[in-house]
Amino acid sequence: MVELEELPSVGEKTAQKLRDAGFADMMRLATATAKELAVKAEIGEGVAEKVIEAARKAEKIDFETAFDVLERRKEVGYITVGSEPFNELIGGGIETQSITEVFGEFGSGKSQVSHELAVTVQLPEEQGGLDAECVFIDTENTFRPERIEQIASAFGLDHQEVLQKIHIARAFNSAHQILMAEKVNELIQSGSNIKLVIVDSLMAHFRAEYIGRESLATRQQKLNQHLHTLQNIATTYNVAIFLTNQVQARPDAFFGSPTKAIGGHVLGHASTYRIWLKKGLAGKRIARLVDSPHLPEGECVFKITADGIVD
Ligand code: ADP
């Protein structure tokens, strides 16, 4: 592994600044922009450019062949959502290296699926997990450790161990939310085996803070930055990103769905998989895959029980 001090223009002092700003490894540097690096590490933009270029060389970032892409895809891990039809619908579970978004009305089960995944990512691979830890960015104070205990029990896991592997970040506003996502880099660099980052819910703060048409552009710009950070974590460290999102009523819709995910095109483009959750009859839930790069659209039915998500 190449050390920061080995890069041209990087002395002891700059290396320390880079580390303090969370740019301790080559891949993180290689995927940064000069502006971002200059601001966060408080170095000149010229130096930042050189450092990034050197990191890209060290990481051999260049064109790659489709074969390389396929090789990287082989490293993709899958996390079970607890229900077999649901897993099948999304191609085997929630994928690493990708952003998966679930959206739906209040009470449709978005937080429940989030809690389920926080546990299942810890399962061994043969049981549908990745034997790993997770980060839970909670923006609406919906995280409940008691619920984790119930789900952990259903899988026969030790409650305390499971709770200790869930790193909670309670985000108080959108700026804090953005910062906590950036901090995930540091957590991983310090040795935590994070394979899942949950943001529940992605848009709540953005929606509440940026009101009116005139602030929409700023909101989308901040959101874009946040999603970029998350996407970077996904690809750099082979991590799954799971976002929950709210819906907006469309009283004018004659055709198609009467509700729509919020977040606009910025989010629509960033999410690799988009899943719409709906309440069905007799406490059942319906998951509809509405967007995926290689899977057909489709639906499945699942249930939320005391034990978590089941068929
Ligand atoms: P959302 O995040 O989409 O607003 P939630 O994920 O909080 O919705 O889902 C809430 C629903 O989940 C409740 O209305 C209830 O039906 C179900 N639920 C929550 N906890 C339990 C439990 N312990 N046992 C069974 N169902 C539960």
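Residues numbered from 1 in each chain as written. Predicted model: local features only at pLDDT ≥ 70, side-chain atom pairs only at ≥ 80, totals over all residues. Heavy atoms only, no water.

- The name given to the chain in an unreviewed UniProt entry is DNA repair and recombination protein RadA, and the organism recorded there is Methanobrevibacter curvatus.
- Recorded in UniProt for the chain, the comment headed Function (unreviewed entry) runs: "Involved in DNA repair and in homologous recombination. Binds and assemble on single-stranded DNA to form a nucleoprotein filament. Hydrolyzes ATP in a ssDNA-dependent manner and promotes DNA strand exchange between homologous DNA molecules."
- Under the UniProt heading Sequence similarities (unreviewed entry), the entry covering the chain gives this text: "Belongs to the eukaryotic RecA-like protein family." (UniProt positions renumbered as here; feature names shortened; annotations may be inferred.)

### Describing the site of the ligand
(1) Moving on: Close to the ligand lie 14 residues, the nearest being G107, G109, K110, S111 and Q112.
(2) Moving on: Between Q112 and the ligand, the recorded distance is 2.8 Å, taken from a backbone N or O atom to an oxygen atom.
(3) Moving on: With respect to the ligand, the side chain of R147 contributes an N or O atom lying 3.4 Å from a nitrogen atom.
(4) Moving on: Contact with the protein chains covers 65% of the free accessible surface of the ligand, which is 580 Å².
(5) Moving on: Secondary-structure elements contributing two or more residues to the shell around the ligand are α7 (110-120), α8 (145-154) and β12 (298-305).
(6) Moving on: For the shell around the ligand, the element with the most residues is α7, which contributes three residues.
(7) Moving on: A breakdown of the residues in the shell around the ligand according to their chemical character gives three nonpolar, seven polar and four charged. (Near = heavy atom within 4 Å. Polar contact = N/O pair within 3.5 Å; in protein donor to acceptor, adjacent residues only side chain to side chain. Areas by Shrake-Rupley, 256 points an atom, 1.4 Å probe, with all protein chains shown as cover. Helix = DSSP H or I, 4+ residues; strand = E, 2+ residues; numbered from the N terminus. Nonpolar A, V, L, I, M, F, W, Y, C, P; charged D, E, K, R; others polar.)

### A look at the sheet that holds strand β3 (residues 99-104)
(1) Moving on: Strand order in the open sheet formed by nine strands is β5-β4-β6-β7-β3-β10-β11-β12-β13, with mixed pairing between adjacent strands. Either end of the sheet is taken by a strand with one partner, and the two such strands are β5 (166-170) and β13 (308-310). Strand-to-strand twist of the sheet, defined as the mean angle between neighbouring strand axes without regard to direction, takes the value 25 degrees.
(2) Moving on: Across five bridges, the pairing between strand β4 (residues 133-138) and β5 is parallel. (Pairing = 2+ DSSP bridges. Axes fitted to C-alpha atoms, helices over the stretch in contact; angles between N-to-C directions.)

### With respect to the domain arrangement of the chain
(1) Moving on: The domain architecture assigned to the chain consists of domain 1 (4-58) and domain 2 (72-310).
(2) Moving on: Taking only C-alpha atoms, the centre of domain 1 and the centre of domain 2 are 31 Å apart.
(3) Moving on: Counting each side, the surface lost to burial between domain 1 and domain 2 is near 700 Å², with a carbon and sulfur contribution of 41%.
(4) Moving on: If you sort the residues of domain 1 by the area they bury against domain 2, D25, R28 and T31 come out on top, with a joint share of 49%.
(5) Moving on: Between domain 1 and domain 2 we count one salt bridge in total.
(6) Moving on: For E182, the salt bridge goes to K40, with nearest N and O atoms at 3.0 Å.
(7) Moving on: Counting the contacts that link domain 1 with domain 2 gives six residue pairs in polar contact (both at pLDDT 80 or more).
(8) Moving on: Looking at the side of domain 1 that touches domain 2 residue by residue, the classes come out as four nonpolar, two polar and four charged. (Domains from an automatic or database assignment. Buried area = accessible area lost by both parts, 1.4 Å probe. Salt bridge = Lys/Arg side-chain N within 4 Å of Asp/Glu carboxyl O.)

### Notes on unusual backbone geometry
(1) Moving on: Residue S201 is bonded to the preceding D200 through a cis peptide linkage, with omega at 0 degrees.
(2) Moving on: Checked against the element boundaries, S201 lands in the loop between β6 (194-200) and α11 (204-209).
(3) Moving on: Even without being a glycine, N238 presents a positive backbone phi close to 55 degrees.
(4) Moving on: Its place among the elements puts N238 in the loop between α12 (216-237) and β7 (240-245).
(5) Moving on: Positive phi, close to 50 degrees, is recorded for A282, a residue that is not glycine.
(6) Moving on: Among the structural elements, A282 can be located in the loop between β10 (273-279) and β11 (284-291).

### Structural notes on the UniProt feature "binding site: ATP" (unreviewed entry) in the chain
(1) Moving on: The feature "binding site: ATP" (unreviewed entry), as annotated in UniProt, sits at G104, E105, F106, G107, S108, G109, K110 and S111 in this numbering.
(2) Moving on: Structurally, S108 is set in the loop between β3 and α7.
(3) Moving on: Owing to a relative accessible area of 1%, S108 belongs among the buried residues under this scheme.
(4) Moving on: For S108, the contacting residues outside a window of four places in its chain are L277, K278, K279, R285 and I304.
(5) Moving on: Beyond its immediate stretch of four places on either side in the chain, K110 contacts V102, F103, G104, E105, F242, T244, N245 and L277.
(6) Moving on: Among the polar contacts made by the side chain of K110, one reaches the main-chain carbonyl oxygen of G104 at a distance of 2.8 Å. (Buried < 20%, exposed > 50% of the residue type's maximum accessible area, 1.4 Å probe, protein only. Contact = heavy atoms within 4.5 Å.)

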